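Residue-level listing of the chains:
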Amino acid sequence: MDNSSSQRVLKVDDEPLDLEVLSEHFENDYDVEIALNGVYALDAIRRQRPDVVLLDIKMPGMSGVEVLKAIKKIDESVAVIMVTANEQVALAAEALKSGALGYVPKPFDFRFLDHMLTAILNRPKGPT
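The rules behind the values
Residues numbered from 1 in each chain as written. Predicted model: local features only at pLDDT ≥ 70, side-chain atom pairs only at ≥ 80, totals over all residues. Heavy atoms only, no water. Helix = DSSP H or I, 4+ residues; strand = E, 2+ residues; numbered from the N terminus. Buried < 20%, exposed > 50% of the residue type's maximum accessible area, 1.4 Å probe, protein only. Areas by Shrake-Rupley, 256 points an atom, 1.4 Å probe, with all protein chains shown as cover. Lys, Arg positive; Asp, Glu negative; His and termini not counted. Charge placed at Lys NZ, Arg CZ, Asp CG, Glu CD. Phe/Tyr/Trp six-rings, centres within 6.5 Å; stacked < 30°, edge-to-face > 60°. Pairing = 2+ DSSP bridges. Axes fitted to C-alpha atoms, helices over the stretch in contact; angles between N-to-C directions. Contact = heavy atoms within 4.5 Å. Salt bridge = Lys/Arg side-chain N within 4 Å of Asp/Glu carboxyl O. pLDDT = per-residue confidence, 0-100.

Chemist: Explanation requested: the overall build of the chain in the structure shown.
Modeler: For the chain, the count of helices and strands is five helices and five strands. Tracing the chain from N to C terminus, the helices and strands come up as β-α-β-α-β-α-β-α-β-α. Along the three orthogonal principal directions, the C-alpha set of the chain runs to about 40 × 30 × 25 Å. Each of the 128 residues in the chain was classed as buried or not, and the buried ones make up 44%. A total accessible area of about 7,200 Å² is found for the chain, and carbon and sulfur atoms account for 53% of it. Distance from the positive charge centre (14 side chains) to the negative charge centre (21 side chains) of the chain: 8 Å.

What follows is the structure in structure tokens.
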């Protein structure tokens, strides 16, 4: 019943250029919402649950891992993919332990990111 254009992706990043690049990349396939920090992201999730959150690990204020833990308290079923710089692999590992489904490194490999999103959005839904 749903098609990919109705699937919602929330991109959370304090870098406006990264938000713009990802928004342009996904705009034809998904309903993309952006948030510049963790507080805005949590408000967006409370307003309307996204199908996937692309969450930057390193942000001022709330870190990506802190935001991830807060998201999981709001709704355990929200799919979260962490976005990392190469030197943040240890943080990515912590995020995976905290409930992230995966991570993608910066700079973005869009084929990998597209594949990961497709796999997550097409995974069977149900009790975990």
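Chemist: Please explain the packing of aromatic side chains as it appears in this structure.
Modeler: Two descriptors summarise a pair of aromatic rings, namely the distance from one centre to the other and the angle between the planes of the rings. Taken as a whole and assessed by the stated rule, the structure comprises two aromatic pairs. Arranged with centres 5.9 Å apart and planes meeting at 40°, the rings of F108 and F110 form a pair that is tilted. Given the relative accessible area of 26%, F110 is considered partly exposed.

Chemist: Would you take a moment to explain the sheet that holds strand β1 (residues 8-12) for this structure?
Modeler: By way of backbone hydrogen bonds, the strands of a sheet pair with one another, either parallel or antiparallel. Strand order across the open sheet formed by five strands is β2-β1-β3-β4-β5, with parallel pairing between neighbours. In this open sheet, the two strands that pair with only one neighbour each are β2 (31-35) and β5 (102-106). This sheet shows a mean twist of 20° between the axes of neighbouring strands, independent of strand direction. Here helix α2 (residues 38-47) sits on the sheet in contact with β1, β2 and β3 (52-56), set at roughly 165° to β1. Those strands touched by helix α5 (residues 110-121) are β3, β4 (79-85) and β5, and its axis lies near 165° from that of β5.

Chemist: So what exactly am I meant to see when it comes to the environment of F110 here?
Modeler: On the secondary structure map, F110 appears in helix α5. Here the alpha-carbon distance between F110 and H25, two residues 85 residues apart in the chain, equals 8.3 Å.

Chemist: What's the story with the pattern of salt bridges in this structure? I'm lost.
Modeler: Opposite charge on two side chains permits pairing when their charged atoms draw close. Taken as a whole and judged by the stated rule, the model has 10 salt bridges. Two residues, R49 and D75, come together in a salt bridge whose shortest N-O distance is 2.8 Å. In this pair, R49 sits in the loop between α2 and β3 while D75 sits in the loop between α3 (64-74) and β4, placing the two residues 26 residues apart along the sequence. For D75, a relative accessible area of 22% corresponds to the partly exposed category. Here the salt bridges do not stand alone but share partners, grouping K11, D13, D18, D56 and K106 into one network.

Chemist: Please clarify how the confidence of the model for the chain should be interpreted in this entry.
Modeler: For any part of a model where pLDDT is low, the fine detail of the predicted coordinates should not be relied upon. Of the residues in the chain, 91% have a pLDDT of 70 or more, and the chain-wide mean is 89. When pLDDT is averaged over each helix and strand of the chain, the minimum, 84, is found for helix α4 (residues 89-97) and the maximum, 97, for α2. In the predicted structure, residues 1-5 sits below a pLDDT of 50 and forms five contacts with residues beyond four places in sequence or in another chain.

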